[in-house]
Amino acid sequence: MTPEQISDILKDTFGDRIVGGEFQSAHPRVEVRPDAWPDVATYLRDDPRLQFNMLRCISAVDMLEDDQFIAVYDLDSLNGAAGSGNLWTRRHAISIHVRVPRGNPHIPSVAHVWSAADWHEREAYDLMGIVFDGHPDSVAGPDGPHPRRILCPDDWEGHPLRKDYAFPMEYQGIPAVTEYGQTRPVH
Amino acid sequence: MTELVLESRPDINADLTADQIRLEDLQTEEMLVNMGPQHPATHGVLRVVLRTDGEMVLEAVPHIGYLHRCAEKIGENVAPYQYIPYTDRMDYLAGMNDNLAFALAAEKLAGMELSRRAQLIRVVFAELNRIASHLVSMGTYGLDMGAFTPFLYAFREREMILDLFEAACGARLTYSYITVGGVTQDLPERWIDVCSEFLDYFEPKIDEYNNLLSFNHIFVKRTANVGVITPEDALAFGLTGPVLRGSGIRWDLRKAQNDLGYDEFEFDVPIGEGLKGTLGDCWDRYYVRILEMKQSVRILRQALARLPDAPGDAYDKRGKTMKLPADEIYYELENPRGQLGFYIQGNGSTIPARVKARGPSFCNLSVLTHIGTNCLLADIAAIVGSIDVVMGEVDR
């Protein structure tokens, strides 16, 4: 199935909650409104025509000039029977874009749809600061629950992959050195 | 006489009867055990917090990030050909494959086509590195299970592969040989002959490993029926590579995507079949790697036969001046540990706006909590070893 056909199927079911799409790109994609995303995700997985049974990756992108974050979900639909002699084939693949404002980056979690989303969402929160609401491994924060950090320490401040991230000059009393080496505090 | 039944594992009966045990000697509370980050069986700086009840593990929670270098941020500050040396530090046991995955992603985004010769050389090195990586996996897995000798055998053969790499590019671990635009230099004289000799030497050794380790009774007892991943779980958790195929799913990107001309080579995709126990257990995952080494030898023989007549240059210097269009791509390649994916967003300049790496070990490790519950403490080493993680790639 081509990305256009997948987009048409989604538009028939979800109407204007499918915001748009881009099919001429090297990375064909459909854009989904954040509040509709868990429903769309369940539909993508369960619809017999689509059957996107594998979430490959979630890439968080900082679009500083648009004042937005994009969560890019790459999905794969594998076709075959486990334990059989036959090679599995790719039915089709699609990418889903979910855009959220930088000031209030909340996307509902889809970890209940694909278990793989658990760690990917934790990473996207840790490094980019997108909050996935309803994540199964959430901890309390000043602005409500957010996924537990995964790569950085739990007490790390900020989200390193944001374009406006300020390089910390100190962590737990350990002084940091930038690549130019001039910021070590003088004792 | 009452039989003692372990609450967390009612299927295991203790040999002692209740009146033989003095209750005051028993520690009945749960205990948290920190396994790692410095532990020989965790293959790098992996820390697993185990909630244990005696010898039983009730829950295993991995904690990662000890090797985090924010490699993705570096990718936003350098041109693709400059990022190549950072990629082979992700999965440092399969540097060639990591270089290849990123180079292909960048070339695909920029719409760059390579010569047949460059493609074939890449296939040869990717498959050689696959063998080297599986050898380490096999050897260290034997170590984890208490078998020291196979490790020495594996490193003896891996050494020869590293010598071949050294002859081609001078490096033995972090190669940066496969780069954007091809490979940095063509093969030296007689390299193909030496490589063929190595394959003739290596192929019979695989049976030796099987006799030594794969079908060893103790090894089978430790790994069969342990850490079973069902095919449904394998898909849901996004597992890839030998871990996915160990669960009986015959899926391989080398067959599904035809990027390097893999469709002209004859090879099979081995899967786990539950030969020694249940489908998708540790032994199945281990054995898939052994079988894959045989298939890599098959591919290598075919690729080496075509290499002398392959037309074109090994390196295209446009790779260094390549501009990335204002578009994006997500590209995955079948690495020894699974599908290594790169998401690259270009903005019209030579430096990408965003680089994201999806490490196969990262996704494969995420299944540990799911399968590491209600098993024996010793099984955790068997499970972690069978997933075959490289922490450089988990933490990036």
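This one's a predicted model, so the numbers in the text were calculated from it and none came from an experiment.

What follows covers helix 6 (residues 191-214) of chain B. Residue and element names in this part refer to chain B. Over its 24 residues, helix 6 extends 32 Å from the first C-alpha to the last, a length consistent with the 34 Å expected when each residue adds 1.5 Å. Those residues of helix 6 that sit buried are W191, C195, F198, L199, F202, K205, I206, Y209, N210, L213 and S214. At its buried positions, helix 6 is contacted by helix 4 (116-144), helix 5 (149-169), helix 7 (217-223) and helix 11 (282-306).

Here the focus is the interface of chain B and chain A. With 46 residues of chain B in contact, the opposing surface of chain A contributes 45 residues. When chain B packs against chain A, the two sides together hide about 3,700 Å² of surface, and 61% of this comes from carbon and sulfur. Among the residues chain B hides against chain A, the three largest losses belong to L235(B), R250(B) and W251(B). Together they make up 17% of the total. Taken together, the connections running from chain B to chain A amount to 6 salt bridges. On inspection of chain B and its partner chain A, the count reaches 18 residue pairs in polar contact (both at pLDDT 80 or more). Ranked by residue count, the leading element in the side of chain B that touches chain A is strand 8 (residues 328-335) of chain B, at 4 residues. Taken together, the residues of the side of chain B that touches chain A sort by class into 23 nonpolar, 10 polar and 13 charged.

Moving on, we get to the pattern of salt bridges. Scanning the entire structure with this criterion turns up 50 salt bridges over all chains. With a shortest N-O distance of 3.1 Å, R102(A) and D164(A) are connected by a salt bridge. In this pair, R102(A) is assigned in the loop between strand 5 (89-101) and strand 6 (106-108) and D164(A) in the loop between strand 9 (146-147) and strand 10 (170-171), connecting sequence segments 62 residues apart. Given the relative accessible area of 12%, R102(A) is considered buried. As a salt-bridge pair, E59(B) and R51(B) come within 3.3 Å of each other at their nearest N and O atoms. Look at E59(B) and you get partly exposed, because its relative accessible area is 30%. Connected via shared salt-bridge partners are E127(B), R130(B), R245(B), D252(B), R254(B), E292(B) and E334(B).

Turning to the environment of R354(B), a few remarks are in order. In this fold, R354(B) is placed in strand 10 (residues 354-358). Through-space distance from the C-alpha of R354(B) to that of Y343(B) is 7.6 Å; in sequence the pair is 11 residues apart. Separated by 2.6 Å, the side chain of R354(B) and the backbone oxygen of A60(A) make a polar contact.

Turning our attention to the packing of aromatic side chains. Residues and elements named next belong to chain B. Following the criterion strictly, the structure yields 24 aromatic pairs over all chains and no others. Ring pairing ties together the aromatic residues F125, F165, Y175, Y177 and W191, which thus form one cluster. Lying across the ring of Y153, R156 places its NZ or CZ 4.8 Å from the centre. Here the guanidinium or amino end of K276 rests over the ring plane of W283, the centre of that ring lying 5.9 Å away.

Residue and element names in this part refer to chain B. Positionally, R245 belongs in helix 9 (residues 242-246). Residue R245 is classed as buried on the basis of its relative accessible area, which comes to 0%. Dropping the residues within four chain positions of it, R245 is found in contact with W251, D252, V269, P270, I271, G272, V288, E292 and E334.

As a further point, take the sheet that holds strand 8 of chain B. Residues and elements named next belong to chain B. An order of 8-9-10 is seen for the 3 strands of this open sheet, with the pairing classed as antiparallel. A single partner strand is all that each edge strand has here, and the edge strands are strand 8 and strand 10. Pairwise comparison of adjacent strand axes, ignoring direction, gives a mean angle of 15° for this sheet. As paired elements, strand 8 and strand 9 (residues 338-345) share 8 bridges and run antiparallel to each other. Looking across to strand 9, one finds that N335 is bridged to G338.

All names here are of chain B. Spatially, 3-4-5-11 is the arrangement adopted by the 4 strands of the open sheet, whose pairing is antiparallel. The sheet terminates laterally at strand 3 (31-35) and strand 11 (375-376), the two strands that pair on one side only. Judged from the 2 bridges that link them, strand 5 (residues 56-63) and strand 11 form a sheet pairing that is antiparallel. Along strand 11, the bridge assignment pairs V57 with C375.

Reading the values: rules and limits
- Residues numbered from 1 in each chain as written.
- Chains lettered and ligands numbered in written order.
- Predicted model: local features only at pLDDT ≥ 70, side-chain atom pairs only at ≥ 80, totals over all residues.
- Heavy atoms only, no water.
- Helix = DSSP H or I, 4+ residues; strand = E, 2+ residues; numbered from the N terminus.
- Expected span 1.5 Å × (residues − 1).
- Buried < 20%, exposed > 50% of the residue type's maximum accessible area, 1.4 Å probe, protein only.
- Contact = heavy atoms within 4.5 Å.
- Buried area = accessible area lost by both parts, 1.4 Å probe.
- Salt bridge = Lys/Arg side-chain N within 4 Å of Asp/Glu carboxyl O.
- Polar contact = N/O pair within 3.5 Å; in protein donor to acceptor, adjacent residues only side chain to side chain.
- Nonpolar A, V, L, I, M, F, W, Y, C, P; charged D, E, K, R; others polar.
- Phe/Tyr/Trp six-rings, centres within 6.5 Å; stacked < 30°, edge-to-face > 60°.
- Lys NZ or Arg CZ within 6 Å of the ring centre and 35° of its normal.
- Pairing = 2+ DSSP bridges.
- Axes fitted to C-alpha atoms, helices over the stretch in contact; angles between N-to-C directions.

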